[in-house]
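Descriptive analysis of the structure
For reference, the chains in residue letters:
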Amino acid sequence: MIALPKPGPARKWEIPDHLLTIEEYAALGETDTGFTELVEGRVVMSPSPSRKHNRAAYLLGRQLEPQLPPELDFTPDIDVDLGLVPRGEPGFSRRPDLLVTYREARARVDRQNGMYRADEVVLVVEIVSPGSKRTDYHVKHDEYADAGIPHYWIIDTSEPISLVACHQAGEFGYLDASAVTGTFTTDVPFPVKIDLDALLD
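In this report, the structure presented in the accompanying data block is examined.

Reading the values: the criteria
- Sequence order sets the numbering: in each chain, residues are counted from 1 along the sequence as written.
- Only residues with pLDDT of 70 or above have their local features reported here, since the model is predicted, and side-chain atom pairs are shown and tallied only from 80 upward, although totals for entire chains, interfaces and linings are computed over all residues.
- To obtain the side-chain values, all non-hydrogen atoms of the structure were included, while hydrogens and water were left out.
- Counting from the N terminus, the helices are DSSP H or I runs at least four residues long and the strands are E runs at least two residues long.
- Only protein chains enter the accessibility calculation, which uses a 1.4 Å probe. A residue is then buried if its area is under 20% of the maximum for its type, exposed if over 50%, and partly exposed in between.
- When checking whether two residues touch, look at their non-hydrogen atoms; a contact exists if any pair is within 4.5 Å.
- A 1.4 Å probe and the Shrake-Rupley method give the accessible areas. Residues count as covered only by the protein chains that appear here.
- Only four residue types enter the charge count: Lys and Arg as positive, Asp and Glu as negative, with His and the chain ends excluded.
- By convention, charge coordinates are those of NZ in Lys, CZ in Arg, CG in Asp, or CD in Glu.
- Among the buried residues, those of types Ala, Val, Leu, Ile, Met, Phe, Trp, Tyr and Cys that are joined through side-chain atoms within 4.5 Å form a nonpolar core.
- Expected helix span is taken as 1.5 Å per residue step, with the number of steps being one fewer than the number of residues.
- To get the bend at any residue, fit one axis to the seven residues that end at it and another to the seven that begin at it, then take the angle between the two axes.
- What makes a salt bridge here is a side-chain nitrogen of Lys or Arg within 4 Å of a carboxyl oxygen of Asp or Glu, nothing more.
- In this scheme Phe, Tyr and Trp rings, the latter by its six-membered ring, pair at centre separations within 6.5 Å, and the angle between planes marks the pair as stacked below 30 degrees, edge-to-face above 60, and tilted otherwise.
- Whenever two N or O atoms come within 3.5 Å, that pair is a polar contact, provided that in protein one can donate a hydrogen and the other can accept it, and provided that, for residues adjacent in sequence, both atoms are side-chain atoms.

On to the overall build of the protein, then. Summing up its helical and strand segments, the protein has four helices and 14 strands in all. Overall size of the protein, expressed as C-alpha extent along the three principal axes, is 50 × 35 × 30 Å. Out of the 201 residues belonging to the protein, those deemed buried represent 46%. Restricting to contacts in the protein with at least 6 residues of sequence separation, those with at least 24 account for 51%. Put simply, the protein shows about 10600 Å² of open surface, and 52% of that area lies on carbon and sulfur atoms. Of note, the protein has its 20 positive side-chain charges centred 5 Å away from the centre of its 33 negative side-chain charges.

Once that is clear, we can look at the nonpolar core. By size, the foremost hydrophobic cluster in this structure holds 25 residues, and its most contacted members are Leu 64, Val 100 and Trp 153. Elements supplying a minimum of two residues to this core: helix H2 (51-64), strand E3 (72-76), strand E6 (98-102), strand E8 (121-128), strand E9 (151-156), strand E10 (162-168) and strand E14 (192-195). Ranked by residues supplied to this core, first place goes to H2 with five residues. Those residues in contact with Leu 64, other than ones at most four positions away along the chain, are Leu 98, Val 100, Trp 153, Phe 190, Val 192 and Ile 194. Among the nonpolar cores identified, the runner-up in size contains 21 residues, and Ala 147, Ile 154, Val 164 and Tyr 174 belong to it.

On to H2, then. Helix length check: H2, at 14 residues, gives a terminal C-alpha distance of 20 Å against a target of 20 Å (1.5 Å per residue), a fit within 8%. Of all the positions in H2, only His 53, Ala 56, Ala 57, Leu 59, Leu 60, Gly 61, Gln 63 and Leu 64 are classed as buried.

Here we take up helix H4 (residues 133-146). Relative to the 20 Å expected for 14 residues at 1.5 Å per residue, H4 spans 19 Å between its end C-alpha atoms, a close match to the ideal helical length. The axis of H4 is deflected most strongly, by about 40°, at Lys 140. All of the buried residues in H4 are Asp 136, Lys 140, His 141, Glu 143, Tyr 144 and Ala 145. Its buried side turned inward, H4 meets strand E1 (35-39), strand E5 (93-94), E8, E9, E10 and strand E11 (174-176). Where H4 terminates, the next one or two residues include Gly 148, which has phi positive at roughly 85°.

This model, assessed by the stated rule, comprises 15 salt bridges. Here Glu 120 and Arg 108 are joined by a salt bridge, their closest N and O atoms 2.7 Å apart. Here Glu 120 is found in the loop between strand E7 (116-117) and E8, whereas its partner Arg 108 is found in helix H3 (residues 103-112), with 12 residues between them in sequence. On the basis of relative accessible area, Glu 120 is assigned to the buried category, the value being 9%. Salt-bridge contacts for Arg 117 lead to Asp 119; the nearest nitrogen and oxygen are separated by 3.6 Å. Salt bridges sharing common partners tie together Glu 37, Arg 94, Glu 126, Asp 136, Lys 140 and Glu 143.

Evaluation of the coordinates by the stated rule reveals three aromatic pairs. The interplanar angle of 80° and the centroid separation of 5.1 Å between the aromatic rings of Tyr 144 and Tyr 152 together place this pair among those described as edge-to-face. Per residue, the accessibility class of Tyr 144 equals that of Tyr 152, and both read buried. Their ring planes at 75° and their centres at 5.1 Å tell us that Trp 153 and Phe 184 sit as a pair that is edge-to-face. In this pair, Trp 153 is assigned in strand E9 and Phe 184 in strand E13 (residues 183-186), connecting sequence segments 31 residues apart. Grouping residues by exposure puts Trp 153 and Phe 184 together as buried. Put simply, the rings of Tyr 144, Tyr 152 and Tyr 174 touch in pairs and so form one group of aromatic residues.

Structurally, the position occupied by Arg 94 is in strand E5. A polar atom in the side chain of Arg 94 sits 2.8 Å from the side chain of Glu 37. In this structure Arg 94 touches Glu 37, Val 39, Ile 78, Asp 79, Val 80, Leu 82, Val 139, Lys 140, Glu 143 and Tyr 144, once residues within four positions along its chain are discounted.

Right, dumping it as structure tokens:
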């Protein structure tokens, strides 16, 4: 087994030569370019998102923040341990474009310099990139459902910009609503109204 570096600032590192547990993945730290996720113990590298993608995520956060109830908090672009396998086995970690969590979880993550856990997440949001459509609509859709995350929004910035809201439906995984354009309004998991067209500013 290779020796893994301690978490720290961005650095160059080589792809490990074995399947990683979630703890080993967390110990790798950040890369100097792009970002990584962990899928069945394999490190998956992706290039940095486009300006349009990042701008949409930022503007979504600006709309969400004042509408969140006091017990909830949002964080962009951060690792989540999906907890799909027992500790010590090759793990799964995804890095959603935005997630809404319980506020108390933020204190734990900051204190431990750790990852969010799936059971602390209320909502994950992915903004579809040209190379991520199948992953966002199918692969991550199933993984987030299997992880027990209650709500998943998929935002596609292809015009007209649209949002598909998915929510847990028991043994069936997520139940997907029809794609919404214009203004998205819902009462779950909290009352919120999102001007989708404004995300393309």
